[in-house]
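The primary structure of each chain is shown beneath.
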Amino acid sequence: RFHGSLRFTRSVSVTQRVQLPGGTMNAAGEQDVQIKRVSSRKRSRGSPKTHLTPYCSDSEDLFGDYDSLLEDGSLLAKLDEAEQKARRSDQPDFTALRRRQSPEDVLTDSIMDLLGDGPSEDLPASQRQFKELIDGTAERLRDGGKTSTPVRDPERGTEEGTRRPRRSVADQMKRTMLCNAAAPSSVSRSAVLKEAVVSEEIGVALRAMETIIPETPDLGPFFGLPTRVKELMFKLRGIKDLYDWQKTCLNLDCVQHRRNLIYSLPTSGGKTLVAEILILRELLCRRKDCLFILPYISLVQEKVRGLASFGLELDFMVEEYAGSKGRFPPVKRRNNRSVYIATIEKAHSLVNSLIETSRVDDLGLVVVDELHMLGGGSRGAIIEMTLAKVLHMTKSTQIIGMSATLGNIKDLQAFLRAENYTNDFRPVQLKEYVKLNDTIYEVDQTEEECFKFSRLLNFKYSSSMKKMDPDHIIALVTEVIPAHSCLVFCPTKKNCENVVGMICKYLKEEFLQLRKAEKVVLLRELKASGSGSVCPVLRRTVPYGLAYHHSGLTSEERKLVEEAYSNGVLCLLTCTSTLAAGINLPARRVILRSPFVAADFLKRSQYKQMVGRAGRAGIDSTGESVLILQDKDRDMVSAKTLVCAPMENCVSNLLLDDGKGLLSLILSLVGLNVKLRLSLPGVLDFLCGTLLFVQREQLCVETSLAEAVRRCVGLLESKDLITGTAHGQSLQVTKLGRATYKGSVDLTYSNILYKDLSQGLEGLLLNSCLHLVYLVTPYNMIAQCKTDWMVYFRQFTLLSAAEQKMSAAVGVPESFIARKAAGQTVRKTVNMEVVSRMYLALVLFSVLKETSLWKVAERFQLSRGFVQSLLSSAAAFCSCVLHFTEELEEFWPFRALLTELTRRLSYCVTAELIPLMEVAGVMESRARQLYHAGYRTLTHLANADADVLSNAIEHLLLRRANQIVASARVSAPLYDV
């Protein structure tokens with residue numbers, strides 16, 4: 001008998017007991033044949049199959065060439081042999097026997113009567129259907145109908161009438177087993193019904209999307225998505241219902257018809273949730289891939305963690321494209337769809353790879369967060385190039401842009417061919433104030449000077465306190481902490497540390513007793529992340545519930561501080577402006593220590609981002625921002641340049657830095673052959689779809705756009721990156737040009753990189769990784785580090801003779817460093833960029849040898865945050881150099897070496913921890929904890945129980961454990977590929 005249904009899964013055995021007509025019988029009079037079938041097909045980990053992705057199609061014969069694991073032949077062969085033997089033994093009296101049989105006995109030579117007479121509800125779907133077919137045949141026989149078994153005429157040897165030939169037992173077995181393989185497993189009826197409901201809802205949404213009309217904006221139970229998505233929103237996010245503006249936006253006519261859309265709302269208004277619902281609809285209903293572009297690596301990692309659980313529940317992939325992570329082109333999956341979460345640079349490379357492999361139509365939706373960054377320098381140019389290519393290459397891809405701060409929205413609409421939706425909704429009311437001396441003014445745009453008197457500060461300052469705190473920061477923060485949270489934005493990193501230290505000196509002792517145990521845990525985790533070292537400032541401030549947050553901290557320290565602040569363990573953070581553009585950490589009160597960022601006056605968009613952090617939805621009834629001004633600053637603000645001025649315009653940056661963006665765009669267009677005539681007119685046709693073209697009258701004043709294109713084409717030819725400009729020939733990309741755009745190498749450095757790699761081939765040092773590290777040290781980091789010549793000389797003398805010889809070969813001799821360290825004048829001409837690059841290479845070399853950022857930062861007298869930033873940039877650039885060398889045959893020796901070096905730079909941990917570091921959000925100290933607890937591979941984590949994991953790892957919250965397991969299950973199939 002068939003026990004259950006045959007499923008194709010890894011490491012699952014199914015035993016079938018079949019009664020054969022003939023052969024050796026057991027004690028019960030039945031012949032037993034046992035089959036143990038183990039599929040060799042590998043099932044992807046982390047994504048359980050559902051009804052959305054069946055194992056096989058109805059027409060696919062899974063058993064055509066399959067041989068069962070029997071000692072003396074296959075089951076199907078034995079079935080055929082047994083049936084033929086039975087037929088031969090009965091052949092002389094076969095017709096007579098048939099005539100003597102009653103209709104009820106006709107089916108007894110069919111193996112399917114073994115399905116039994118029990119209730120059919122217990123059978124799998126395919127067997128139940130087949131049994132009903134058999135029962136129907138028997139019923140027809142009772143009514144005098146004809147059987148499907150042919151009655152042969154012994155003289156003619158042909159079938160009687162038009163009866164179909166009888167299926168052999170083997171064919172019936174194959175058919176039934178095939179149906180079993182495609183049928184759902186034997187699960188509870190409630191689970192089957194639940195799956196059916198979800199399937200039906202998705203079907204309704206699909207049909208609705210195909211036949212949509214403006215009068216029917218509601219596509220399904222949850223904006224075109226199954227109810228399961230709404231349940232997950234509540235389970236994973238705690239979201240019971242959407243804001244009214246979100247419902248309105250999702251029901252917009254342009255959204256229903258999949259036209260491009262730009263929408264803008266104040267910070268914390270819930271913009272991202274709308275984008276996520278549209279992404280889920282594209283993945284589940286239209287079965288298309290999606291691209292989500294975010295400005296920073298930290299935001300990418302946060303979003304990967306946030307969507308990983310949805311991916312597991314709804315059967316789609318979540319892939320991270322940040323730093324050195326990401327495949328080009330992405331892995332193509334037959335059943336699963338993917339959402340690519342990418343930084344700006346990685347998104348551009350991803351779109352290029354999809355265009356090159358003719359897969360850009362697989363991209364159903366592109367979402368751009370912080371769309372105002374289109375006007376943000378070289379990164380804005382990359383966003384513009386990416387979107388222009390998508391617009392040019394495919395008409396089926398929808399583009400959604402969102403931002404809290406947008407100025408010239410009309411220009412952006414013309415560029416993206418998009419509609420606009422704007423709302424001023426905030427879940428918590430924001431009140432803006434300005435402090436001048438000891439007076440608080442409320443920002444009121446209806447007033448002539450933008451301000452109106454609010455109140456005087458009521459805080460008694462001693463003479464010593466007033467000298468330490470002339471800006472009354474202590475008075476402002478103690479009005480809200482510790483009962484509420486507070487953010488203090490400072491103009492510099494050093495000022496962050498000074499301000500938080502100053503506040504601690506004047507806080508009451510009661511602050512030390514609040515959540516004391518949790519603060520002890522935080523300090524312990526900070527110590528573990530620093531390999532036994534803790535920042536002295538944090539050691540002093542954390543017991544009071546205060547900390548600082550800027551790029552000088554390592555990413556693990558920043559993450560611990562962020563989590564502690566979100567959980568209320570810390571009540572105040574002093575931070576730089578980068579926090580406002582990064583992870584969302586709202587506060588009851590936001591204080592701007594100064595209207596400056598370093599020496600630059602704040603932009604209106606920066607100001608709005610900072611004050612937008614005030615007010616926590618669901619916690620606070622109101623949010624407050626206070627801008628501290630000096631007398632010298634009052635005129636600038638009162639002139640409405642900051643608090644009341646309109647948003648800055650978003651301007652194309654393709655012509656920035658002598659047209660660097662335009663050069664890069666033209667090179668990639670020629671290399672990708674982007675559906676245009678590869679000539680100057682063809683390039684100009686493409687540029688008609690850019691923001692630069694929309695703003696040409698404003699930006700191309702001194703020279704026309706056509707002239708700018710001709711100049712760029714000529715410059716690319718002079719750099720030997722393209723050919724074919726003479727006599728109107730078609731433009732062609734050279735090998736160096738192809739390597740440059742495929743490696744995403746800055747055009748400024750492509751020739752230098754080629755020269756460095758060529759010289760490296762002549763005498764590559766293989767008994768040390770210093771030479772390779774030097775070759776992948778980022779050129780753009782040189783200006784960010786000031787060389788300490790004594791440290792340089794001390795570290796240089798620790799190198800081996802071979803390493804010092806290599807250094808001299810690239811242009812950094814020991815004699816030069818010794819003279820600089822001694823303060824002597826060096827007359828010999830030396831390339832100082834090479835010298836500075838070697839200094840950074842020594843920093844990276846030390847980190848790879850010791851893996852302790854703290855020790856290396858102390859040795860080179862650098863901030864540990866800068867060392868980690870250097871490490872991250874080197875890993876990303878190493879990945880770029882790897883793609884660069886893959887396009888140039890002469891550099892084949894570098895490929896294997898750079899592949900391993902990229903992994904080492906990406907994680908900078910011992911080899912056994914690298915697989916665990918693949919999980920989004922798992923840092924070195926957490927990876928070490930997991931490893932020691934027995935979770936040593938992605939498979940271990942993917943199969944872990946979150947409750948057990950939370951108990952096994954000290955101070956690991958269940959919510960965080962669930963995120964780790966979900967991320968591991970998403971990462972596991974990507975890692976295996």
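Residues numbered from 1 in each chain as written. Predicted model: local features only at pLDDT ≥ 70, side-chain atom pairs only at ≥ 80, totals over all residues. Heavy atoms only, no water.

Where an unreviewed UniProt entry is consulted, the chain appears under the name Helicase, POLQ like, with the organism given as Cyclopterus lumpus. Taken directly from UniProt, the Catalytic activity (unreviewed entry) text for the chain runs: "ATP + H2O = ADP + phosphate + H(+)". Quoted verbatim from the Subcellular location (unreviewed entry) field of UniProt, the annotation for the chain is "Nucleus". (UniProt positions renumbered as here; feature names shortened; annotations may be inferred.)

## Let's talk about the overall build of the chain
Counting its regular elements, the chain contains 43 helices and 21 strands. Put simply, the chain has 977 residues, and 52% of those count as buried. Of the roughly 45,300 Å² of accessible surface on the chain, 50% is carried by carbon and sulfur atoms. (Helix = DSSP H or I, 4+ residues; strand = E, 2+ residues; numbered from the N terminus. Buried < 20%, exposed > 50% of the residue type's maximum accessible area, 1.4 Å probe, protein only. Areas by Shrake-Rupley, 256 points an atom, 1.4 Å probe, with all protein chains shown as cover.)

## Some details on the sheet that holds strand β12 (residues 451-456)
Spatial ordering of the open sheet is given by β12-β11-β10-β19-β16-β13-β15-β14, a layout of eight strands whose pairing is mixed. Edge positions in the open sheet fall to β12 and β14 (546-549), since each of these has one partner strand only. Put simply, the sheet's adjacent strands are angled 25° from each other on average, direction ignored. Here strand β16 (residues 589-592) runs beside strand β19 (residues 622-629); their pairing, made up of four bridges, is parallel. Across the sheet, Val590 pairs through a bridge with Ser625, a residue of β19. Set on the sheet, helix α20 (residues 555-566) makes contact with β13 (486-489), β14 and β15 (572-575); between it and β14 the angle comes to about 135°. (Pairing = 2+ DSSP bridges. Axes fitted to C-alpha atoms, helices over the stretch in contact; angles between N-to-C directions. Contact = heavy atoms within 4.5 Å.)

## Description of the sheet that holds strand β6 (residues 338-342)
With respect to topology, seven strands assemble into an open sheet ordered β5-β6-β4-β7-β8-β3-β9, the strand pairing being parallel. A strand with exactly one partner marks an edge of an open sheet, and here the two such strands are β5 (317-321) and β9 (419-422). For this sheet the average axis-to-axis angle between neighbouring strands, irrespective of direction, equals 15°. Two elements, strand β7 (residues 363-368) and strand β8 (residues 398-403), share four bridges in a ladder whose sense is parallel. Within β8, the position partnered with Val368 by the bridge is Gly401. The strands touched by helix α10 (residues 297-314) within the sheet are β4 (289-293), β5 and β6, with β5 carrying the most contacts at an inclination of about 170°.

## Some thoughts on the environment of Leu416
Examined against the element boundaries, Leu416 turns out to sit in helix α13 (residues 409-416). The exposure class of Leu416 is buried, given its relative accessible area of 1%. Taking C-alpha positions, Leu416 is 8.3 Å from Leu691, a pair spaced 275 residues apart along the chain. Once residues within four sequence positions are removed from consideration, Leu416 is found in contact with Asn260, Ile262, Leu371, Leu387, Leu391 and Ile399.

## Focus: the packing of aromatic side chains
Counting across every chain of the model gives 17 aromatic pairs. Both rings, one in Trp245 and one in Tyr421, keep their centres 6.3 Å apart while their planes meet at 15°; by these two values the pair is stacked. Taken together, the positions of Trp245 in helix α7 (residues 244-250) and Tyr421 in strand β9 put the pair 176 residues apart, joining distant regions of the chain. Each ring, one from Phe596 and one from Phe601, has its centre 5.4 Å from the other, and the planes form 80°; the classification is edge-to-face. (Phe/Tyr/Trp six-rings, centres within 6.5 Å; stacked < 30°, edge-to-face > 60°.)

## Comments concerning the environment of Glu320
Mapped onto the secondary structure, Glu320 falls in strand β5. Each C-alpha atom, one on Glu320 and one on Glu918, is 10.0 Å from the other, the two residues being 598 residues apart in sequence. Once you skip the residues sitting within four places of it in the chain, Glu320 turns out to touch Val300, Gln301, Val304, Lys325, Gly326, Ile341 and Ala920.

## Overview of the side chain of Asp471
Looking at the secondary structure, you find Asp471 in the loop between α14 (463-468) and α15 (473-478). Asp471 sits in the buried class, given a relative accessible area of 8%. With sequence-adjacent residues up to four places away left out, Asp471 is seen in contact with Lys435, Arg593, Ile628 and Gln630.

## A few points about the confidence of the model for the chain
Per-chain confidence: the chain averages 80 in pLDDT, with 75% of residues scoring 70 or above. pLDDT under 50 marks residues 92-126. Its contacts with residues more than four places away, or in other chains, come to 43 contacts. Below a pLDDT of 50 lies the segment residues 212-219, which in the model reaches 14 contacts outside its immediate sequence neighbourhood of four places, other chains included. (pLDDT = per-residue confidence, 0-100.)

## Section: the packing of helix α18 (residues 516-529) against α20
Contact geometry of α18 with α20 gives a least axis separation of 9 Å together with a crossing angle of 165°. By the angle class used here, α18 and α20 are roughly antiparallel. The element α18 and its partner α20 pack so that their crossing is right-handed. Contacts between α18 and α20 involve Leu522, Glu525, Leu526 and Ser529 from the first element and Glu556, Glu557, Leu560 and Ala564 from the second. (Parallel < 35°, antiparallel > 145°, perpendicular 65-115°, else oblique. Left-handed = near helix turned anticlockwise from the far one by under 90°.)

## Examining the side chain of Arg604
Inspection of the secondary structure puts Arg604 in helix α22 (residues 604-611). Of the buried charged residues, Arg604 lacks a salt bridge, with Glu432 as the closest side chain of opposite charge at 5.2 Å. The contact partners of Arg604, leaving out residues within four places of it in the chain, are Gln445, Leu642, Val643, Cys644, Ala645, Pro646, Met647 and Glu648. (Lys, Arg positive; Asp, Glu negative; His and termini not counted. Salt bridge = Lys/Arg side-chain N within 4 Å of Asp/Glu carboxyl O.)

## A closer look at the environment of Met385
With respect to the secondary-structure elements, Met385 resides in helix α12 (residues 377-393). Owing to a relative accessible area of 3%, Met385 belongs among the buried residues under this scheme. Measuring from C-alpha to C-alpha, the distance between Met385 and Leu662 comes to 8.8 Å, with 277 residues separating the pair along the chain. Excluding residues within four positions of it along the chain, Met385 makes contact with His348, Leu654, Gly661, Ser664 and Leu665.

## So, the pattern of salt bridges
By the definition in use, this model includes 32 salt bridges. Put simply, Arg589 and Glu624 hold a salt bridge, and the shortest N to O gap is 2.7 Å. With Arg589 in strand β16 and Glu624 in strand β19, this pair connects stretches of sequence that are 35 residues apart. Overall, the relative accessible area of 5% leaves Arg589 in the buried class. Residue class for Glu624 comes out buried when judged on its relative accessible area of 17%.

## As for empty space enclosed by the protein
A complete count under the given rule lists six cavities of 30 Å³ or more for this structure. Its boundaries defined by the atoms lining it, the largest cavity holds a volume of some 60 Å³. Along its surface, the largest cavity is lined by Phe489, Cys490, Pro491, Ser577, Leu592, Ser594, Phe596, Val597, Leu602 and Met610. Its residues placed into classes, the lining of the largest cavity shows eight nonpolar, two polar and no charged. (1 Å grid on protein atoms, 1.4 Å probe; cavity = no way out; pocket = protein on both sides within 12 Å on 5 of 7 lines; lining within 4 Å. Points joined across faces, edges and corners; volume = space filled by probe spheres on them. Nonpolar A, V, L, I, M, F, W, Y, C, P; charged D, E, K, R; others polar.)

## As for α22
Structurally, the α-helix is built with 3.6 residues per turn, so residues lying three or four positions apart point the same way. Of all eight residues making up α22, six are buried, and the element is well covered by its neighbours. Here α22 has its buried residues at Arg604, Ser605, Tyr607, Gln609, Met610 and Val611. Packing partners of the buried residues in α22 comprise β10 (429-436), β13, α21 (578-581), β16, β17 (596-597) and β19.

## Observations concerning the pairing of β14
Going residue by residue along β14, you find Leu546 and Tyr548 tucked away on one face and Ala547 and His549 tucked away on the opposite face as well. As paired strands, β14 and β15 are joined by four bridges and run parallel to one another. Its bridge partner lying in β15, Ala547 is registered against Leu573. The parallel pair β14 and β15, bridged by α20, forms a crossover whose chirality is right-handed. (Right-handed = clockwise from strand over helix to strand, strands pointing away.)

## A look at unusual backbone geometry
At the junction of Phe328 and Pro329, the peptide bond is cis and its omega measures out at -10° in the coordinates. Here the residue pair Ile481 and Pro482 is connected by a cis peptide bond, since its omega of 5° sits within 30 degrees of zero. Among the structural elements, Pro482 can be located in the loop between α15 and β13. Within the chain, Arg287 stands out as a residue other than glycine whose phi angle is a positive 55°.

## A short note on α18
Between its first and last C-alpha, α18 extends 20 Å over 14 residues, near the 20 Å set by a 1.5 Å rise per residue. Taken residue by residue, α18 has Lys519, Val521, Leu522, Glu525, Leu526 and Ser529 as its buried positions. Buried residues along α18 cover an arc of 155° about the axis, so they all sit on one side. For α18, the elements touching its buried residues are α17 (510-513), α19 (536-541), α20 and α40 (924-932). One or two steps after α18, the chain reaches Ser531, where phi turns positive at roughly 55°. (Expected span 1.5 Å × (residues − 1). Arc of directions from axis to C-beta.)

## A few points about the state of the cysteines
What makes a disulfide is a covalent bond joining the sulfur atoms belonging to two cysteines. Tallied over the entire structure, the rule returns zero disulfides. Free of any disulfide, Cys490 has its nearest cysteine sulfur in Cys496, 4.2 Å distant. (Disulfide = S-S within 2.5 Å.)

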